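Listed below are the residues making up each chain.
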Amino acid sequence: MKRIKNLTTLIFGLFILSTSCSKSDDDSPQFTPEANRIEILSGANQTGIIETELASSIVVLIKDQNGNSFAGATVNFSATQGTISTVSATSDGNGLASTNWTLGAMSGAHDLTATAFKADGVTPLNGSPLVITAMATEIPCQPLINPTVLPVGPDAAAITTSVINVAESFTVTDINVTLNINHTWVDDLDIFLIAPDGTTMVELTTDNGGSGDNFVNTVFDDDATLLIVNTTSANAPFTNVYQPEGSLADFNGLQSNGNWTLSITDDAGGDGGELINWSLEICGN
């Protein structure tokens with residue numbers, strides 16, 4: 001009887017053990033994914049032209065607490081400058097949310113912020129707010145030259161014109177002009193730059209330089225410190241960077257494309273020379 005009792009106890013113990021081992025996994029704690037982290041996936045550190053859309057979209061990735069992609073999280077985008085195509089997006093099945101960013105009108109660093117919260121709408125995800133930076137630049141300045149040699153004077157009232165054509169269309173923000181002219185007694189010369197609209201013109205120099213000769217790589221730039229007018233610091237030959245007598249800023253806001261005309265009038269007879277070449281540095285956006 002004792003042996004039978006021990007056998008019964010053994011069988012009962014094995015039954016309990018078997019039941020315990022076969023307990024359904026449904027009774028174990030369940031993993032519920034939730035939004036946990038926001039990361040930048042692509043589109044950071046781009047450089048673009050001001051007031052144009054960046055080449056690549058800004059794409060962020062939402063992950064759950066286990067590092068997997070999380071769908072259904074709301075991501076809000078905002079930009080310090082410019083405009084964005086999507087202000088609020090929901091992460092897709094791959095955990096992705098995106099927007100397209102058109103940069104603002106100022107050059108320099110622009111920031112875009114992506115923010116996302118947990119289900120309570122209050123607790124920010126790890127990594128939030130996420131700041132993405134882009135560099136905005138103006139259209140590179142276009143250095144253009146006309147190398148055609150033309151006579152200047154010697155007859156009084158003789159006018160020499162030379163044209164530089166700008167094919168690309170943008171809004172002018174800055175212009176500089178460089179001249180190379182061989183001419184005796186440059187005080188005879190009146191030199192203007194005329195915009196493609198045919199009506200806007202800026203006086204570069206008129207009757208300056210006395211009996212001196214030549215313009216040698218002479219640059220006209222509104223930002224220069226030297227004046228081109230007759231002073232002890234502005235005697236021909238002119239070989240430096242000078243403020244024009246007019247303001248090249250008068251061209252700002254015009255469209256760049258078309259023929260820019262250099263007009264040189266020799267207002268006295270007897271002295272003559274040549275326009276060797278001239279160049280136009282034109283900047284814009």
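Refer to the structure above for everything that follows.
Read on for an overview of the structure. (Residues numbered from 1 in each chain as written. Predicted model: local features only at pLDDT ≥ 70, side-chain atom pairs only at ≥ 80, totals over all residues. Heavy atoms only, no water.)

## Some points on the sheet that holds strand 1 (residues 35-42)
Stage number 1. Across the sheet, which stays open at both edges, the 3 strands sit in the order 1-3-7 with antiparallel pairing between neighbours. Because the sheet does not close on itself, it has two edges, and the strands there are strand 1 and strand 7 (96-99). Going across the sheet, the axis of each strand differs from the next one's by a mean of 25 degrees, ignoring polarity.
Stage number 2. Sheet topology places strand 3 (residues 58-64) next to strand 7; 4 bridges connect them, and they run antiparallel. Pairing of Ile58 across the sheet is with Thr99, part of strand 7. (Pairing = 2+ DSSP bridges. Helix = DSSP H or I, 4+ residues; strand = E, 2+ residues; numbered from the N terminus. Axes fitted to C-alpha atoms, helices over the stretch in contact; angles between N-to-C directions.)

## Some details on the environment of Ser162
Stage number 1. Looking at where Ser162 falls in the secondary structure, it is placed in strand 13 (residues 158-166).
Stage number 2. Residue Ser162 is classed as buried on the basis of its relative accessible area of 3%.
Stage number 3. Once the C-alpha coordinates of Ser162 and Leu275 are considered, the two residues, 113 residues apart in sequence, prove to be 8.9 Å apart.
Stage number 4. In contact with Ser162, not counting residues within four places along its chain, are Asn146, Leu150, Trp260, Thr261, Leu262, Leu275 and Trp278.
Stage number 5. Side-chain polar atoms of Ser162 contact the side chain of Trp278, separated by 2.9 Å. (Buried < 20%, exposed > 50% of the residue type's maximum accessible area, 1.4 Å probe, protein only. Contact = heavy atoms within 4.5 Å. Polar contact = N/O pair within 3.5 Å; in protein donor to acceptor, adjacent residues only side chain to side chain.)

## Brief notes about the environment of Glu34
Stage number 1. Structurally, Glu34 is set in the loop between helix 1 (2-21) and strand 1.
Stage number 2. Sequence separation between Glu34 and Ile62 is 28 residues; the distance between their C-alpha atoms is 9.9 Å.
Stage number 3. Discounting chain neighbours no more than four positions away, the residues touching Glu34 are Lys63, Asp64, Gln65, Phe70 and Lys118.

## Details of the sheet that holds strand 10 (residues 130-137)
Stage number 1. Taken together, the 5 strands give an open sheet; going across it, the order is 2-10-9-4-6, and neighbouring strands pair in mixed fashion. What marks the edges here is a single partner per strand, and that holds for strand 2 (46-49) and strand 6 (88-90). The sheet shows a mean angle of 30 degrees between the axes of neighbouring strands, taken without regard to direction.
Stage number 2. Alignment of strand 9 (residues 108-116) against strand 10, held across 7 bridges, turns out to be antiparallel.

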